[in-house]
Amino acid sequence: MITLGIDIGGSGIKGALVDTKKGEMVTDRLRIPTPKPAKPKAVIKVLKQIVDHFDYSGPIGVGIPAIVINGITHSAANIDDEWIGFASQQAMAKATGCPVTLGNDADVAGVAEVRFGAGRNQSGTVMIFTLGTGIGSAMFVNGRLVPNTELGHLYLRNQKHDAEDWAAERIRDEQDLSWEQWGKRLNTYFQHIEFIFSPELIIIGGGVSKRYEKFLPYIQTRADIVPAELRNEAGIVGAAVLAAEAGRQ
Ligand code: BGC
């Protein structure tokens with residue numbers, strides 16, 4: 001089934017048509033800068049633009065950097081606070097005229113990695129972390145998602161900021177950290193994650209994951225820790241997969 005997947009990010013909103021059986025994009029990715037401020041009305045207008053661009057009608061999957069429960073967004077870390085408590089899925093469906101399946105951006109990216117990427121055929125606990133503006137997390141137990149984990153917001157010992165404000169890719173950039181300095185921060189973070197959850201596998205996604213040789217050597221965990229295979233496409237692919245499945249229920 002060919003389904004539209006859309007990934008709402010802090011800086012860009014990206015969409016493409018996806019073959020949800022193969023887990024592959026079948027068109028180029030359309031990227032439109034995220035409106036500033038990223039209020040629901042402005043962002044939803046961009047979704048409509050993407051739908052029109054692909055001349056699409058059918059189910060749409062959307063990932064957003066927020067806690068999503070039954071289509072309602074309950075947090076807004078790198079988007080406008082107007083999203084908090086907003087019936088986002090319903091508003092997106094109304095504006096586009098298409099049924100929408102909305103999920104947390106890291107959760108939907110995780111779905112793609114577990115089905116088609118670095119986490120396929122892996123049983124037990126698999127955790128995916130997206131390193132970007134924030135730190136997104138997704139946790140799967142025997143292939144089943146435990147949604148809305150938000151582990152970028154945990155506090156490490158003696159830290160004034162939450163983990164994502166200390167170790168996200170954005171911080172490496174803003175504080176001009178060397179790969180070693182950043183890698184050591186990630187090591188502290190992932191060792192703590194491992195102590196709490198003991199996953200079998202940790203997958204690192206986000207744009208920076210293609211430079212994994214630079215920072216993965218600093219991270220020492222018992223669990224295997226590997227780069228995502230779908231890279232920046234995971235959000236689009238995973239969102240489309242969830243929408244296609246929702247349509248079949
Ligand atoms: C948000 C999460 C999101 C992550 C990655 C965090 O700041 O709270 O919902 O998954 O950023 O975008």
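Residues numbered from 1 in each chain as written. Predicted model: local features only at pLDDT ≥ 70, side-chain atom pairs only at ≥ 80, totals over all residues. Heavy atoms only, no water.

K.L.:
Any chance you could break down the sheet that holds strand β12 (residues 201-205) for me, citing the residues and the numbers?
P.N.:
Taken in spatial order, the 5 strands make up an open sheet running β11-β10-β9-β12-β13, and their pairing is mixed. The sheet is open, and its two edges are formed by β11 (144-146) and β13 (224-227), each paired on a single side. Adjacent strand axes in the sheet meet at a mean angle of 25 degrees when their direction is disregarded. As judged from the 5 bridges shared by strand β9 (residues 125-131) and β12, these two strands associate in the parallel manner. Across the sheet, the residue bridging to Phe 129 is Ile 204, located in β12. Running over the sheet, helix α3 (residues 105-116) touches β9, β10 (135-141), β11 and β12 and is turned about 50 degrees from β10. (Pairing = 2+ DSSP bridges. Helix = DSSP H or I, 4+ residues; strand = E, 2+ residues; numbered from the N terminus. Axes fitted to C-alpha atoms, helices over the stretch in contact; angles between N-to-C directions. Contact = heavy atoms within 4.5 Å.)

K.L.:
Give me the lowdown on helix α1 (residues 40-53), citing residues and values where you can.
P.N.:
When the terminal C-alpha atoms of α1 are compared, their 20 Å separation across 14 residues agrees well with the 20 Å that a helix rising 1.5 Å per residue should span. Those residues of α1 lying buried are Pro 40, Val 43, Ile 44, Val 46, Leu 47, Ile 50 and Val 51. Relative to the axis of α1, the buried residues are bounded by an arc of 150 degrees and lie together on one face. Residues of α1 that are exposed and angled more than 90 degrees away from the buried face: Lys 41, Lys 45 and His 53. (Expected span 1.5 Å × (residues − 1). Buried < 20%, exposed > 50% of the residue type's maximum accessible area, 1.4 Å probe, protein only. Arc of directions from axis to C-beta.)

Shape is all these values report; function is a separate question.
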